[in-house]
Each structure stands twice: as C-alpha cells, then as structure tokens.
Amino acid sequence: FTDMPNFPDLSFHQFTDKLKNIYIRSNVSTLPDFGNHPMQNVELIGLPINDFSAFRNTPEIQKFKIVALNNITGFAGFDHIEKMYHLEILGCRNLTNLNDLETLTGSTGQGDWANKISFFARENDNLRNYCGLTNWMLNTEMKIGCFNPPGCTDMRPQFNTQENAYNPTETQIESPAECSL
C-alpha cells in the first residue's frame, strides 16, 4: 500500500490464521489494528506514525523491517509480541530505545532456523538503549548466513549495529550492564 492517507479496511483479516506480507510505504498516517494473528513479513517505510499500537495484540511477527519512521521514539504497542525471527531498524532518526520489546523472548524460525534470529540496526542517530532485546538475544542464537549471495563464502552471524548513537555487540546487548549508554 502506498500514498494512501487512510488505510483500507482490513476486516477480511479476521478470517485468516496468519497475515502474510504487509508492505506499507509513505503517506499512510494511521494503521488498522492487525488483531491477534501471527504475521509473516511486515515492512513499514517512511510513515508518519507515532507508535506501533496497530500491533498491540499481535503474538508474533516473522520478519519486521522499519525504515525512516522519524516520529517513532520507541516501540510502544509491541508489548505482546513474543516471537520474531528477523528485526531490521534503519534510519529512524528519533528512535532512542527498544524497551518495549521486552516481551520478545523467542524465534519464529522453523526447521534449520529453529531458535535462530537476525538483527540489524543502522543509521538510527539517537538509538542508545537496546535493553528490550536482552531476553530475546539470550534465549535464541544468531543465524549464520551470507550477506552477499549467490556463491558467497563469507558466512557470519546475521547481526549488525552501525551508525547509531550506540553500536553494541551481541554480547553487550545480552548484558543488563552494557545494553545501553
């Protein structure tokens, strides 16, 4: 969905067990309540939203990517999400903390990816506090993979923090004493 000031009616989602791919870009000022359905891929880009209350009843999201959500300062509204496989936060200039992700304790990965996660945070000028991810990181393992397939031989953990106010390592995020500045 793009360039839509009012999000379309999603009442159809009450008839499905899992919402699959939600990609929302620019000029959507409000999001509907996505209900209590597990979700697969969610990507939000350049939205003027202030919080994530649309996800307040969502139990799990497989992959969640946000880009340039400049009104967001934290993850308010994510207080029921328990499982996630991939979290990517890019260019959210006013984001300061990940505290509201404290309920995140497991992975939605399956098969070879069971209990595996990946995490990327880049270009978030004010992000200093990752403590909301401590339990998630302690209870799971970083997925090992390639950053530049095909034919890639550079296998490494799918973890990256750079160009944020604080760029901790995975071990630092796992430590209550080092997860924030």
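Right above here is the structure, for reference.
Description of the structure in this document. (Residues numbered from 1 in each chain as written. Predicted model: local features only at pLDDT ≥ 70, side-chain atom pairs only at ≥ 80, totals over all residues. Heavy atoms only, no water.)

## Some points on the state of the cysteines
Then, number 1: Here the structure, examined in full by the defined rule, presents one disulfide.
Then, number 2: With its sulfur 1.9 Å from that of its partner, Cys 131 forms a disulfide with Cys 179. Around the S-S axis, the bridge from Cys 131 to Cys 179 shows a dihedral of about 90° and counts as right-handed. Here the residue Cys 131 occupies a position in the loop between β5 (116–122) and α1 (134–139), and Cys 179 occupies one in the segment after α2 (170–174), the gap between them amounting to 48 residues.
Then, number 3: Residue classification places Cys 131 among the partly exposed residues on the basis of a relative accessible area of 24%.
Then, number 4: Given a relative accessible area of 1%, Cys 179 falls into the buried group. (Disulfide = S-S within 2.5 Å. Helix = DSSP H or I, 4+ residues; strand = E, 2+ residues; numbered from the N terminus. Buried < 20%, exposed > 50% of the residue type's maximum accessible area, 1.4 Å probe, protein only.)

## Considering the pairing of strand β3 (residues 60–67)
Then, number 1: Judged from the six bridges that link them, strand β2 (residues 39–45) and β3 form a sheet pairing that is parallel. Across the sheet, residue Met 39 finds its bridge partner in β3, namely Ile 61.
Then, number 2: Looking at chain direction, β3 and strand β4 (residues 83–90) are connected through seven bridges and run parallel. For Val 67, the partnering residue across the bridge sits in β4 and is Leu 90. (Pairing = 2+ DSSP bridges.)

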